[in-house]
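Notes for the structure review
The primary structure of each chain is shown beneath.
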Amino acid sequence: MSWIVLFIAGLLEVVWAVGLKYTHGFTRLVPSVATIAAMVLSMALLSWAMKSLPVGTAYAVWTGIGAVGAAIAGILLLGESASPARLLSLGLIVAGIIGLKLSAH
C-alpha cells in the first residue's frame, strides 16, 4: 500500500510542478490554489508512505516520478524538446526508480 501511496504522491508532484507554470508567479487564483493543494497533498502522501518505506528510497522515487512526469508533461503539453538524449536520460531515471523499488526492504 505504501508504494501505491508514494506513486500517487509522485503524480501529484507532477501536477504541482506543471501547475507552477500556469500560476504565472502565483498571480492567477485558480491555478495557484490547485497547485498549492497538489503540493500539500503530495507532501502529506509522501510523509505517510515514509512511515514504512526507507526515507532515501521514498524521497528518490517521489522526486524521480515528479521529474520524469514533469518532463513528459512538458514535452506533451508545452512543446518542450523530445531529443534522443533527453529521452535516454529520462529512461535512466526510470531505471533508477525501478532499481530503488526492487532493492527496498
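Everything in this summary refers to the structure shown in the same document. The model shown is predicted, which means the values in this text are computed figures rather than measured ones. (Residues numbered from 1 in each chain as written. Predicted model: local features only at pLDDT ≥ 70, side-chain atom pairs only at ≥ 80, totals over all residues. Heavy atoms only, no water.)

Another point: the side chain of Thr-35. Mapping Thr-35 onto the fold places it in helix α2 (residues 29–49). Relative accessible area serves as the criterion here: at 3%, Thr-35 is assigned to the buried category. Separated by 3.4 Å, the side chain of Thr-35 and the backbone oxygen of Gly-19 make a polar contact. If near-sequence neighbours (up to four positions away) are discounted, Thr-35 is found in contact with Trp-16, Gly-19, Leu-20 and Thr-23. (Helix = DSSP H or I, 4+ residues; strand = E, 2+ residues; numbered from the N terminus. Buried < 20%, exposed > 50% of the residue type's maximum accessible area, 1.4 Å probe, protein only. Polar contact = N/O pair within 3.5 Å; in protein donor to acceptor, adjacent residues only side chain to side chain. Contact = heavy atoms within 4.5 Å.)

Here we take up the environment of Pro-54. Take Pro-54: it is sitting in the loop between α2 and α3 (55–78). Along the backbone, Pro-54 and Ala-104 are 50 residues apart, and their C-alpha atoms lie at a distance of 7.4 Å.

This paragraph deals with the packing of aromatic side chains. Counted under the stated rule, the structure contains one aromatic pair. Consider the rings of Tyr-59 and Trp-62, whose centres lie 5.7 Å apart with planes at 40°: the pair is tilted. You can see Tyr-59 and its partner Trp-62 sitting in helix α3, three residues apart, about one turn around the helix. Residue class for Tyr-59 comes out partly exposed when judged on its relative accessible area of 45%. With a relative accessible area of 3%, Trp-62 lands in the buried category. (Phe/Tyr/Trp six-rings, centres within 6.5 Å; stacked < 30°, edge-to-face > 60°.)

Don't take any of this as a statement about function, it's just geometry.
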